[in-house]
Amino acid sequence: MSSTQAAAETPRKYQLFIDGQWVDAESGKTFETPNPATGKTLAEVAEGDKADIDKAVAAARKAFEGKWSKTSARERGRMLYKLSQLIEARAKELAELETADNGKPIREAQYIDLPGVVENFEYFAGWATKIEGETIPVPGQMFNYTLREPVGVCGQIIPWNFPLLMAAWKLAPALAAGNTVVLKPAEQTPTTALELGKLIQEAGFPDGVVNIVPGFGETAGAALASHKGIDKIAFTGSTEVGKLIAKAAADNLTKVSLELGGKAPNIVFADADMEQAINGAMMGIFFNQGQVCCAGSRLFLHEEVKDEFLERFKERAGKIKVGDPTDKATQMGPQVSEEQLNRIKSYVDLARTEGATVLSGGCPPTLEGDFQKGYFFQPTIFSEVQNTMRVAQEEIFGPVVSVITFKDESDLIRQANEVAYGLSAGIWTRDITRAHRFAREIKAGVVWINTFNMMNAASPFGGYKQSGYGREMGKHALEMYTQVKSVWVDLSGKPIGWFGK
Ligand code: ADP
């Protein structure tokens, strides 16, 4: 892949990656993935379905029982580390492809997504040799210890908002712990995961350890989630689909981890540093075109600062540079698809019907040339929102923020927690006792104090309530990809209990 190829006019072609081979789909079918900035076809991709998932699961099982189980922890760590270096060496090209497939601004793909991918593989490379059991101080002449073993064959279904980064979050801990994987990228953004497949081969992973099967959710995704041959399914995506996955997995009692939607409160108290809070509110909702599960999509403003804050926030939102995502100065690119764009538009109509005010944005920007066919939308602020309105309760997944006013701390906590989701929350205040009180009282898996969207491979990420279960990243991710075996050894040499002679 050359750096100019990502933006090339001739569509690229991709096959499925199964058992170390690049193959067509059994059905022979393919699908097209467009560049969301122009609507033009970026790539033609083999369309995996049940038959291909069956083949991939069989390959992953064979690898798990065979060569991979004989690969030492050190070797696994070295392969993961080598993979991180291979990615780093090609980070620029991969970032360009990510931008062409997803629409995110190149500066985000290059300075946030790709470094995050490298960091995750590097971090979990270090863990491979540090996954240990314990000895337990049991009574009597007994020795009891635990073995921490891989779960087995893992199905992993990922979304389109951070295509390569989500692949890294899922693959890195699974491989560090000695599992094998069937990965299904999102149909909107399959290309970078398939490029990753090439680097996985180059890094020396045995055939079948990682299999990548692009395809649609209702076909390939559903076949993977309900497959009897997998031991675990990990999913990141909408809460609606997460429920389908959990139901499909229930029939086989497959282990499940889910990282789902959010409707995070981002809270500004009157004592906050306003400049910092405005920046945080912008980062909270306009980063990645608002297509972020932990986005600060409910902006709670204290009534004392509401007017001043909104005036400045609106002015700043109006200055965001929306357009060609390959331009380094662009701050917001297109939404990922026409479907998402239409979904956002329908929420703007809903906001008006519900009695909210569309304070800024609310429609696509005027762009020129090829970009007229792109799926762009302006940064949008809804004010005069009540927490009970659908625009405050439902995940919109776009650059659209609902502003809600509050009076005091107890009123705030009640409203902030009155939502089905619980992925993340942010608070802006100089009062440290208030900030830490909030961190305890909010029902969310991640809390940011005077910052937003901070993440690191070493720090756990995941949801409370309907935002899912299980934690990604950090040592907690290893809990999802290992199982514990308790081993008992008699040290006395005597028969047990009263069944002796
Ligand atoms: P979004 O609604 O934001 O597109 P989804 O939750 O639908 O997000 O998609 C996330 C991932 O889940 C994608 O890889 C998609 O193909 C997959 N998916 C969608 N529907 C299903 C399903 N019924 N079973 C399994 N996977 C699915």
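Caption draft 1: Up close: the packing of aromatic side chains. All told, the structure shown has 13 aromatic pairs when counted by the stated rule. For the pair Tyr-123 and Phe-124, a centre-to-centre distance of 4.8 Å together with 85° between the ring planes defines the contact as edge-to-face. A relative accessible area of 0% means that Phe-124 is categorised as buried. Joined through ring pairs, the aromatic side chains of Phe-286, Phe-309 and Phe-313 make up one cluster. In this structure, Lys-232 packs its charged tip against the face of Tyr-481, placed 5.1 Å from the ring centre. Directly above the aromatic system of Phe-269 lies the positively charged group of Arg-434, at a separation of 4.0 Å from the ring centroid.

Caption draft 2: Main features of helix H1 (residues 50–65). Compared with the 22 Å implied by 1.5 Å per residue over 16 residues, the 22 Å span of H1 between its first and last C-alpha is a close match. Along H1, the positions that sit buried rather than exposed are Asp-52, Ile-53, Ala-56, Val-57, Ala-59, Ala-60, Ala-63 and Phe-64. Taken around the axis of H1, the buried residues stretch over an arc of 160°, which confines them to a single face. Next to the buried residues of H1 lie strand E2 (16–18), strand E7 (142–150), strand E8 (153–157), strand E9 (180–184), strand E10 (210–212) and helix H7 (217–225).

Caption draft 3: Highlighting the pairing of strand E4 (residues 30–34). Only one face of E4 is covered, namely the one carrying Phe-31 and Thr-33; the face carrying Thr-30, Glu-32 and Pro-34 has none of its residues buried. Relative to strand E5 (residues 41–46), E4 is paired through 5 bridges, and the arrangement is antiparallel. Along E5, the bridge assignment pairs Thr-33 with Ala-43. Remark: 6 residues form the turn of the hairpin made by E4 and E5, two consecutive strands paired antiparallel; Gly-39 in that turn has positive phi of roughly 80°.

Caption draft 4: Local environment of the sheet that holds strand E14 (residues 298–302). Pairing within the open sheet is mixed, and its 7 strands lie in the order E15-E16-E17-E14-E13-E19-E20. In this open sheet, the two edge strands, each paired with only one partner strand, are strand E15 (357–360) and strand E20 (446–449). Put simply, the sheet's adjacent strands are angled 25° from each other on average, direction ignored. Lying on the sheet, helix H10 (residues 306–318) is in contact with strand E13 (265–268), E14, E15, strand E16 (380–383) and strand E17 (400–406); it crosses E14 at an angle near 140°.

Caption draft 5: View of the environment of Lys-321. Turning to its location among the elements, Lys-321 is positioned in the loop between H10 and helix H11 (338–354). Of the residues examined, Lys-321 reaches a relative accessible area of 37% and is grouped as partly exposed. Counting along the chain gives 10 residues from Lys-321 to Gln-331, while the straight-line C-alpha distance between them is 5.2 Å. With near-sequence residues (within four places) excluded, Lys-321 lies in contact with Asp-327, Ala-329, Thr-330, Gln-331 and Met-332. Side-chain polar atoms of Lys-321 contact the side chain of Asp-327, separated by 3.4 Å.

Reading guide: rules and limits
- Residues numbered from 1 in each chain as written.
- Predicted model: local features only at pLDDT ≥ 70, side-chain atom pairs only at ≥ 80, totals over all residues.
- Heavy atoms only, no water.
- Phe/Tyr/Trp six-rings, centres within 6.5 Å; stacked < 30°, edge-to-face > 60°.
- Buried < 20%, exposed > 50% of the residue type's maximum accessible area, 1.4 Å probe, protein only.
- Lys NZ or Arg CZ within 6 Å of the ring centre and 35° of its normal.
- Helix = DSSP H or I, 4+ residues; strand = E, 2+ residues; numbered from the N terminus.
- Expected span 1.5 Å × (residues − 1).
- Arc of directions from axis to C-beta.
- Contact = heavy atoms within 4.5 Å.
- Pairing = 2+ DSSP bridges.
- Axes fitted to C-alpha atoms, helices over the stretch in contact; angles between N-to-C directions.
- Polar contact = N/O pair within 3.5 Å; in protein donor to acceptor, adjacent residues only side chain to side chain.

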